[in-house]
Amino acid sequence: MQEQTKTDGIFEGPYDAKAHEVKIYEKWMSSGFFNPDNLPVEKDAEPYIVYMPLPNVTGSLHMGHALDNTLQDISVRYQRMKGRRALWLPGTDHAGIATQFVVEKDLKKQGISRFEIGREKFIEKVWEWKNIYGGLILEQLKRLGCSADWSRTRFTMDPEYAIDVQKTFVHYYERGWLYRGFRTVNWCTRCGTSLSELELEYKDEDTNLWHIKYSDEIIVATTRPETMLGDTAIAVNPNDARYTKLIGTKVMLPLVNREIPIIGDEAIDQTFGTGMVKVTPAHDVLDFEIGERHKLPMVIVIDARGKMTKEAGVYEGMKVLEAREKIIADLGDKVIKIEPYPHRVSICYRCNSLIEPIPSMQWFLKMKELAGKATDAVQSGKVSITPERFSKTYFDWLSNIRDWTISRQIWWGHRLPVWYCEKDSEKFKVSAEKPSACEHCGECKMVQADDVLDTWFSSALWPFAGLSESDRKKYYPGHTLITARDILNLWVARMIYSGLEFMGEAPFKNVLIHGTIMTKDGKRMSKSLGTGIDPLKYIEEYGADVARFAVVWQASGQDIRWDETAVIGGRKFTNKIWNAAKFVMGSQNAETQINEENPDGITEADKKILEELKNLKESVGKDIEGFEFSKALHDIYEFFWHSFCDTYIEASKEQMKVDGQKENTQKVLFHVLSSSLKLMHPFMPFITEAIYEKLPIENKKLLLVEKW
RNA sequence: GGGCAAUUAGCUCAGUUGGUUAGAGCGUUGCAUUCACAUUGCAAAGGUCACUGGUUCGAAUCCAGUAUUGCCCACCA
């Protein structure tokens, strides 16, 4: 077997992912082809843009990212091989509260509080932290093999990005959609900031429903007796025959001895509790609205740190729960019934602390028109959400939307471009640049708002703020957004209306919502619970291709209960691919260069494999475009392993002994191998590139940019 | 309280518009092995497709209901 010696050696031993992956990634990087401007495609080649869901700078690669980004990489690599100018736009999000939280904790270890060092110094520290750790996740994505255009990487606090954020704010203000108001908002007493309703999480709690007798006729049921100190009315349903005669009368509030009115309001459910509700406009969002309707005063009894205020009299300084106990005790026999009551309380999505509704001065964005735009985009089909059922979640949120509290009382973030008069803080000017003089008092220098914007206010602009002016002309609008369902409203909806408002077009056409990866017993993967599985472990051990295979193999669309055996399957498959390549190369007459792209089908086996290959190519292309990644991978696996390796390669051994069939068999083997590598490349980019590199093909390009 | 999803082999899951013996990966059993790969090949065992009823010539697939599980939403204090 003299003629087989030429390729011997290069495929020796099993495939060593570690040895290949770093080198291959470097080749891709130095080719410059991740940047669509450098692609060897026709000048008028159509662009194809995928927007990376911005990972937080505090993030590190978890299974969700691995899934998310593998699917995006498959799309991008496929489109790139199809000859389009494929751009995968990467970046990181400054993640206001999350990052501030992490850096604060870091400083705390050194015994420093942010208040000691002050705002400016603290922000410097955050930048320092960001510069060290903020790029970590992007490096991890590179190890996964992601072919994003890293030369375009943006951070949501980059100076250019900040300009768009300010412009947006000013634009909304000029549209009349921004307003400032002293309102009861969700407040995290640990983070010391307001939160929007999407930033809340919930926890079930067993508490009590205390029935408190205010007078002989007035008995209310409440889960929060301590807020009674701030009651400014009692409300009943005006249609409640039992109580209509009470409306307009007054009652003395126990412990406080303040007279409060009994009012009628439709929002009251007659069937709950006693049908009478204590109204505490300062400490309940619903009560605030009732208060607005009836012009009730606000009595603030809980402060921003969750302690009772001076208004709370003898309870001043107590924590909420302490005050609750004390008040129940002090009420004595006025508490006529204590009923166990399972209840859901709001907690902060970043630090899990209890949320207190507290009144404060905040900025709000009117959502009506923007929500309408976002609704239309999906209703008209300009943007499609896959699977379709998630459109419902999207529409439901948009149709019940409330104004968005966009100001946050933290330090890390985009400061509001609002400038206050130093003499009169009620007077302000909204402007991207600092005004040269104060229009109000004529003398002061004006000070910028202390508040920063909700992080999602800036990430909503990502599809255009992440692009330079010239890129916007070339690449906006994009095509695809692939993400998990938890940010559909938090982020996707906001990107859609922002794009429509500022660019006149929705930023992408397709939104794919993939399943969530859970543990094998169906629990949420979470670092803090210790239930997470680190994808880097698999990349280390078996290589990125195997990790990608395992993730896509299981990603059918439903939630995934992570199954380790898929990793084993992937590892065996890479071995199979490697060995098949070794066999095919060993079978070739290596004296000649191989150019044959379309061999004949002479034998039945030839015809069958060529036909199957053709069909596979068609279905895989269709499946990738239709986001059926897992199906495509299963089909490729089935074809390569069983049709090609088990059936055709076995047949080829006999065929090559037959005169007149040998040469064509070699061609078929080679053709099927090289074509399969192309089909597999988006899924398993490293091993396919590593093998392709060794094939004796004239004018060979990187597989990365070979024609699909 | 409302909505969505899931329930198929020991485990994790496929099963497009209803159509011959219901599939895959992993696991299990038997046989094979100097010939690309034992990270292998061939073969086999293993399923009243959650339950009940209905539509149909025909249902894992369509309809109604029940049960269990999970997720999301909601200003019932």
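Report on the accompanying structure. (Residues numbered from 1 in each chain as written. Chains lettered and ligands numbered in written order. Predicted model: local features only at pLDDT ≥ 70, side-chain atom pairs only at ≥ 80, totals over all residues. Heavy atoms only, no water.)

Section: the overall build of chain A
This is how the line gets drawn: Numbered from the N terminus, helices here are DSSP runs of H or I no shorter than four residues, and strands are runs of E no shorter than two. Buried residues are those whose accessible area, probed at 1.4 Å on protein chains only, stays under 20% of the maximum for their type, while exposed residues exceed 50% and partly exposed ones sit between those limits. It only takes one pair of heavy atoms within 4.5 Å for two residues to be counted as in contact. For the accessible areas, the method is Shrake-Rupley and the probe is 1.4 Å, while residue cover comes only from the protein chains on display.
Along the backbone of chain A there are 21 helices and 25 strands. Dimensions of chain A along its principal axes, counting C-alpha atoms only, are 110 × 60 × 55 Å. Burial statistics for chain A: of 708 residues in total, 55% are counted as buried. Long-range pairs, those at least 24 residues apart, make up 78% of the contacts in chain A between residues at least 6 apart in sequence. With the model as given, the accessible surface of chain A reaches about 31,500 Å², and the carbon-plus-sulfur share is 49%.

Looking at the packing of aromatic side chains
Short version of the rule: The aromatic pairing rule takes the rings of Phe, Tyr and Trp, using the six-membered ring of Trp, and pairs them if the centres are within 6.5 Å, calling planes under 30 degrees apart stacked, those over 60 edge-to-face and the rest tilted.
Going through the model one piece at a time under the given rule, you end up with 38 aromatic pairs. Ring centres 4.8 Å apart and planes at 85° place the aromatic pair tyrosine 78 and tryptophan 708 in the edge-to-face group. Placement of the pair is tyrosine 78 in helix H2 (residues 63–81) and tryptophan 708 in the segment after helix H21 (685–692), with a sequence separation of 630 residues. The residues tyrosine 78 and tryptophan 708 share a single accessibility class, namely buried. For the ring pair tryptophan 127 and phenylalanine 155, a centre distance of 5.6 Å and an interplane angle of 80° mean the geometry is edge-to-face. Here tryptophan 127 is found in helix H4 (residues 114–133), whereas its partner phenylalanine 155 is found in strand E4 (residues 154–155), with 28 residues between them in sequence.

Observations regarding the sheet that holds strand E7 (residues 200–213)
The condition that has to hold: The pairing criterion is simple: DSSP has to find at least two bridges between the two strands. All axes here are fitted lines through C-alpha atoms, helices being fitted over the stretch that makes contact, and every angle between N-to-C directions spans 0 to 180 degrees.
The antiparallel open sheet is built from three strands, whose spatial order is E8-E7-E13. Each edge of the open sheet carries a strand with a single partner, namely strand E8 (219–222) and strand E13 (335–348). Each strand axis lies, on average, 20° off the axis of its neighbour in the sheet, ignoring direction. Relative to E13, E7 runs antiparallel, the two sharing 13 bridges. The residue of E13 that forms the bridge with aspartate 204 is arginine 344. The strands that helix H8 (residues 320–331) touches are E7 and E13; relative to E7, the one it contacts most, it runs at about 15°.

Considering the sheet that holds strand E16 (residues 404–405)
Read across the open sheet, the four strands follow the order E6-E5-E14-E16; overall the sheet is antiparallel. The sheet is open, and its two edges are formed by strand E6 (193–195) and E16, each paired on a single side. Packed on one face of the sheet, helix H7 (residues 285–294) meets strand E5 (178–188) and strand E14 (355–365) and runs near 145° to E5.

Digging into the side chain of glutamate 356
Test applied: Pairing of N or O atoms within 3.5 Å defines a polar contact, subject to two protein rules: one partner must be a possible hydrogen donor and the other a possible acceptor, and residues neighboring in sequence count only if both atoms are side-chain atoms.
Take glutamate 356: it is sitting in strand E14. According to the relative accessible area criterion, glutamate 356 is buried, its value standing at 7%. Engagement of the side chain of glutamate 356 in a polar contact is seen with the side chain of arginine 224, the distance being 3.0 Å.

Considering empty space enclosed by the protein
Stated formally: Think of a 1 Å grid over just the protein atoms. A cavity is a set of points where a 1.4 Å probe fits yet cannot get out, a pocket is an open set with protein on both sides within 12 Å along at least five of seven lines, and lining residues have an atom within 4 Å of a point. Grid points are joined across faces, edges and corners, and a volume is the space filled by probe spheres set on the points. Think of it as three bins: nonpolar holds Ala, Val, Leu, Ile, Met, Phe, Trp, Tyr, Cys and Pro, charged holds Asp, Glu, Lys and Arg, and polar takes everything else, Gly as well.
Tallied over the entire structure, the rule returns three cavities of 30 Å³ or more. Counted as a void, the largest cavity has a volume near 50 Å³. Every residue lining the largest cavity is listed: Glu197, Met367, Trp397, Ile401, Arg402, Asp403, Trp404 and Arg494. Partitioning the lining of the largest cavity into residue classes produces four nonpolar, no polar and four charged. By volume, the second largest cavity amounts to about 40 Å³. Of all the secondary-structure elements, those providing two or more residues to the lining of the second largest cavity are helix H3 (96–109) and strand E21 (452–453).

Focus: the nonpolar core
Cut-off, in case you're wondering: Among buried residues, the Ala, Val, Leu, Ile, Met, Phe, Trp, Tyr and Cys ones that are joined through side-chain atoms within 4.5 Å form a nonpolar core.
Core analysis: the biggest nonpolar cluster contains 98 residues, and Phe640, Phe644 and Phe683 have the highest contact counts within it. Among the elements that line this core, the one with the most residues is helix H19 (residues 629–655), at twelve residues. Leave out the neighbours within four places in its chain, and phenylalanine 640 touches Phe573, Lys576, Ile577, Ala580, Cys645, Leu673, Ser676 and Met680. Leu54, Val378, Tyr394 and Phe508 belong to the second largest nonpolar core, which has 59 residues in total.

Some thoughts on the environment of leucine 286
Relative to the elements of secondary structure, leucine 286 occurs in helix H7. When its relative accessible area of 42% is taken as the criterion, leucine 286 is described as partly exposed. Considered as a pair, leucine 286 and glutamate 104 are 182 residues apart in the sequence and their alpha carbons are 33 Å apart.

Some words on the environment of threonine 58
Locating threonine 58 in the fold gives a position in the loop between strand E1 (47–51) and H2. Leave out the neighbours within four places in its chain, and threonine 58 touches Ala98, Thr99, Val102 and Trp129.

As for unusual backbone geometry
With omega at -10°, the peptide bond leading from threonine 386 into proline 387 counts as cis. Proline 477 follows tyrosine 476 through a cis peptide bond whose omega is -5°. With respect to the helices, strands and loops of the structure, proline 477 is situated in the loop between helix H13 (469–475) and strand E22 (480–484). The phi torsion at asparagine 699 lies on the positive side, around 50°, for a residue other than glycine.

Regarding the pairing of strand E2 (residues 85–89)
Under the convention used in this document: Orient the strands so they point away from the viewer, and a crossover whose first-strand-to-second-strand path over the helix runs clockwise is right-handed.
Counting buried positions along E2 yields five of five residues, so the element is predominantly enclosed. Pairing of E1 with E2 involves five bridges; the strand directions are parallel. Paired with isoleucine 49 across the two strands is leucine 87, which belongs to E2. Handedness of the E1-H2-E2 crossover: right-handed.

Overview of the protein's contact with RNA strand B
Rule in force here: When at least one non-hydrogen atom of a residue lies within 4 Å of a molecule or strand, that residue is treated as near it.
The local shell around RNA strand B holds 39 residues, among which Asp269, Tyr341, Lys520, Ser556 and Trp641 are the closest. When atoms of RNA strand B within 4 Å of the protein are sorted by moiety, sugar and phosphate together comprise 65%. In this structure, cysteine 645 approaches RNA strand B through a main-chain N or O atom, which is 3.4 Å from a base nitrogen. Contributing elements (two or more residues each) for the surface near RNA strand B: E8, E13, helix H16 (544–554), helix H17 (565–587) and H19. At nine residues, H17 tops the list of elements feeding residues into the surface near RNA strand B. The residue inventory of the surface near RNA strand B, partitioned by class, reads 13 nonpolar, ten polar and 16 charged.

So, the environment of alanine 267
Topologically, alanine 267 is positioned in the loop between strand E11 (258–264) and strand E12 (276–279). Classification of alanine 267 as partly exposed rests on a relative accessible area of 40%. Sequence separation between alanine 267 and leucine 703 is 436 residues; the distance between their C-alpha atoms is 64 Å.

Regarding the state of the cysteines
Test applied: Any pair of cysteine sulfurs within 2.5 Å is marked as a disulfide.
On inspection of all chains with the given rule, the structure shows zero disulfides. No disulfide involves cysteine 191; its sulfur sits 3.7 Å from the nearest other cysteine sulfur, which is in cysteine 188. Look at cysteine 191 and you get buried, because its relative accessible area is 4%. With no disulfide of its own, cysteine 441 lies 3.6 Å from the sulfur of cysteine 444, the closest cysteine sulfur.

Section: helix H15 (residues 535–542)
In an α-helix there are 3.6 residues to a turn, and that puts residues three or four apart on one side. Basically, it comes down to this: Throughout, the arc means that of the directions going from the helix axis to the C-beta atoms.
Regarding H15, the residues found buried are Pro535, Leu536, Tyr538 and Ile539. Summarising the axial view, the buried residues of H15 lie within an arc of 160°, below the 170-degree limit, and thus occupy one face. Where H15 is buried, its residues touch H2, helix H5 (136–143), H16 and H17. One side-chain oxygen at the N-terminal end of H15 lies 2.9 Å from the backbone nitrogen of leucine 536; it belongs to aspartate 534. Just downstream of H15 lies glycine 543, where phi reads positive at about 100°.

These results come straight from atomic positions and should not be treated as a statement about function.
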